[in-house]
Amino acid sequence: MDTNEFKAAAPGRSFVFLVIYLAGLSAFGSFVNDMYLPSLPSMMKFFGCTVSMVQMGLTMGMIGLAVGELVLGPVSDRYGRKPMLVWTLVAFCIASVVSIFSPSIKFFLVCRLFQGIGASGGYFLARSIPADIYSGRLLAKTMAIIGAINGIAPASAPVFGGIISDHFTWKGVFVALTVLGIVLLCFSPKFKESLTPDKRDKTGVWHSFGNYRLLLTNKAYMIHVFLKGAALGVMFAYISSAPFIIETHFGYSQTVFGLFMGGNALAVMAGSMIALRFKTLKSAAFLGAMGLMVFAVVEAAVLWLVPDKFLPYELVLLPMLFSMGLIFTAGNTLAMNEGRSTAGDASALLGIVGYIFGAVVSPLVGKGDIMHSTAIAFVSISVIVVIAAVMSWRLPAEINKDDTPAETK
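Residues numbered from 1 in each chain as written. Predicted model: local features only at pLDDT ≥ 70, side-chain atom pairs only at ≥ 80, totals over all residues. Heavy atoms only, no water.

## A few points about the overall build of the chain
Move 1: If you tally the helices and strands in the chain, you get 16 helices and zero strands.
Move 2: For the chain, the proportion of its 409 residues judged to be buried stands at 60%.
Move 3: Within the chain, contacts between residues separated by at least 24 positions form 85% of all contacts whose residues are at least 6 apart in sequence.
Move 4: Of the roughly 15,700 Å² that the chain leaves accessible, carbon and sulfur atoms contribute 72%. (Helix = DSSP H or I, 4+ residues; strand = E, 2+ residues; numbered from the N terminus. Buried < 20%, exposed > 50% of the residue type's maximum accessible area, 1.4 Å probe, protein only. Contact = heavy atoms within 4.5 Å. Areas by Shrake-Rupley, 256 points an atom, 1.4 Å probe, with all protein chains shown as cover.)

Right under this line is the structure:
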């Protein structure tokens, strides 16, 4: 598929700008969470709080993302994507600036809530806008291209965050995030509305919330939502525990931690791209789920039995993260293809379920011995991923390489 095919599918739209801007919006969510990860141990000392309390910053951010998507899904289906994008970016920038002056951890957590709400616009629009324009395998290819570019974000965010934290403390990270939000805001006038007035929900915003009820009863959609959401739960168990395992337990610096996290993110990106080489996406999801389960058990054994060895911990993470990448591409695309008739709501609900998993898991891995609690989280949530993958495998229809529904598995 070349650039002209995309332009033909979306007349008057600049393909290059569209892909880069959507990748930037999607990456924005990664930067909001991943960039300040190296700062968590130092923030714990700065605010004089516990591990679980400082990890609540991740939880509050995800609650904000969930609340924002819950509201913005129906609102954007009614009023269009662009107004929601602008207002949420403005809200994020304000919340980020205020957070820099936080006098206590509780004040900072409130700021994180509003940062999450502000970041939710770009994060879910990066999924719903392609669904406004494309469907089937074409949607999968578009999202994969965006995902490949976006793969730079989780790889680079911890690296930049570690360097900035080492030189300018955690406050410097939120200054950088504010600048990033302003840059995206400045380019928003060039973005053309993807949901034209004739395609918008004419029934009113409150009635639009009823779309959530319809989506919740869509079996195929919900199976893939839980598949992606549970995989994100495992990801957030890793993300929220890694700073304390790598920096506090093993004694590496914030910069070195960022380098490890950045390298590990490349494994996720590789899995996300290779998922498209499978004949059916649910095959990629099934293999990813089985791989995730196997390596989660191995990683749990490493954390429990040889907690003083860094190399086994790191080496097992790589295939585990690769398996997550397979699941992310398959889960995202299959869910959005099922819910594309109300893409804003479908994208919002897809994000909300993932944030619920992440919000619950993030502070739990800080309870007790972090090595043991992380091990338990990896295995228990991976079981949910496997169950969802098996249910997906049993569904009668799929997206295949020919962009047509396959009637059998």
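## Comments concerning the environment of Leu25
Move 1: Summarising the element assignment, Leu25 is placed in helix α2 (residues 15-34).
Move 2: Spatially, the C-alpha atoms of Leu25 and Leu89 are 10.0 Å apart, while their sequence positions differ by 64 residues.

## Observations concerning unusual backbone geometry
Move 1: One non-glycine residue, Thr169, lies in positive phi territory at about 65°.
Move 2: Relative to the assigned elements, Thr169 resides in helix α8 (residues 152-187).

## Observations concerning a nonpolar patch on the surface
Move 1: A cluster of nonpolar side chains, namely Ile63, Val67, Leu70 and Val71, defines an oily patch on the protein surface of about 280 Å² accessible area.
Move 2: Positionally, Val67 belongs in helix α4 (residues 51-79).
Move 3: On the basis of relative accessibility, which here comes to 38%, the residue Val67 falls in the partly exposed class. (Patch = residues over 30% accessible without salt bridge, like charges linked within 9 Å, V, L, I, M, F, W, Y side chains within 5 Å. Salt bridge = Lys/Arg side-chain N within 4 Å of Asp/Glu carboxyl O.)

## Brief notes about the confidence of the model for the chain
Move 1: In the predicted model, the chain carries a mean pLDDT of 83, and the fraction of residues at 70 or more is 86%.
Move 2: Here residues 1-13 is modelled with pLDDT under 50, and outside its nearest four sequence neighbours on either side it reaches 21 contacts, counting other chains as well.
Move 3: Counting interchain partners and residues more than four positions distant, the pLDDT-below-50 stretch residues 401-409 has 23 contacts. (pLDDT = per-residue confidence, 0-100.)

## So, the side chain of Ser102
Move 1: Tracing the sequence through the fold places Ser102 in the loop between α5 (81-99) and α6 (105-133).
Move 2: Its relative accessible area of 5% is what places Ser102 among the buried residues.
Move 3: There is a polar contact of 2.6 Å between the side chain of Ser102 and the backbone oxygen of Ser99.
Move 4: The contact partners of Ser102, leaving out residues within four places of it in the chain, are Phe47, Phe107, Phe108 and Cys111. (Polar contact = N/O pair within 3.5 Å; in protein donor to acceptor, adjacent residues only side chain to side chain.)

## Focus: the nonpolar core
Move 1: In terms of nonpolar packing, the biggest core is built from 116 residues, with Phe108, Tyr221, Tyr238 and Tyr313 touching the most fellow members.
Move 2: It is helix α11 (residues 219-249) that provides the largest number of residues to this core, a total of 17 residues.
Move 3: With residues up to four places along the chain from it excluded, the contact list for Tyr238 reads Met261, Asn264, Tyr313, Leu317, Leu321 and Phe378. (Core = buried A, V, L, I, M, F, W, Y, C linked by side-chain atoms within 4.5 Å.)

## Observations concerning the environment of Phe322
Move 1: Here Phe322 is to be found in helix α14 (residues 310-338).
Move 2: A residue is classified by how much of its surface remains accessible, and Phe322, at 28% relative accessible area, is partly exposed.
Move 3: Through-space distance from the C-alpha of Phe322 to that of Val268 is 4.7 Å; in sequence the pair is 54 residues apart.
Move 4: Other than its neighbours up to four places away in sequence, Phe322 contacts Ala267, Ala270, Gly271 and Ile274.

## Considerations on the packing of aromatic side chains
Move 1: Summed over all chains, the structure comprises 18 aromatic pairs.
Move 2: On the basis of an interplanar angle of 75° and a centroid distance of 4.7 Å, the ring pair of Phe28 and Phe92 is categorised as edge-to-face. With Phe28 in helix α2 and Phe92 in helix α5, this residue pair connects regions lying 64 residues apart in the sequence. There is no split in this pair, since Phe28 and Phe92 are both buried. (Phe/Tyr/Trp six-rings, centres within 6.5 Å; stacked < 30°, edge-to-face > 60°.)

## Thoughts on α5
Structurally, the α-helix is built with 3.6 residues per turn, so residues lying three or four positions apart point the same way.
Move 1: A rise of 1.5 Å per residue sets the reference length of α5, with its 19 residues, at 27 Å; its end C-alpha atoms lie 27 Å apart and thus fit the reference within 8%.
Move 2: For α5, the full list of buried residues reads Arg81, Met84, Leu85, Thr88, Leu89, Phe92, Cys93, Ala95, Ser96 and Ser99. (Expected span 1.5 Å × (residues − 1).)

## Some words on the packing of α11 against α14
Move 1: At their nearest, the axes of α11 and α14 sit 8 Å apart, and the two run at 150° to each other. Judged by the angle between their axes, α11 and α14 are roughly antiparallel. In the crossing of α11 with α14, the sense of the turn from one axis to the other is left-handed.
Move 2: Here the residues of the contact of α11 with α14 are counted per class, giving 22 nonpolar, three polar and two charged. (Axes fitted to C-alpha atoms, helices over the stretch in contact; angles between N-to-C directions. Parallel < 35°, antiparallel > 145°, perpendicular 65-115°, else oblique. Left-handed = near helix turned anticlockwise from the far one by under 90°. Nonpolar A, V, L, I, M, F, W, Y, C, P; charged D, E, K, R; others polar.)

## Comments concerning the packing of helix α13 (residues 281-305) against helix α16 (residues 370-393)
Move 1: At a minimum axis separation of 8 Å, α13 and α16 run at an interaxial angle of 160°. Judged on the interaxial angle alone, α16 and α13 are roughly antiparallel. The chirality of how α13 crosses α16 is left-handed.
Move 2: In terms of residue class, the contact of α13 with α16 is built from 22 nonpolar, five polar and two charged.

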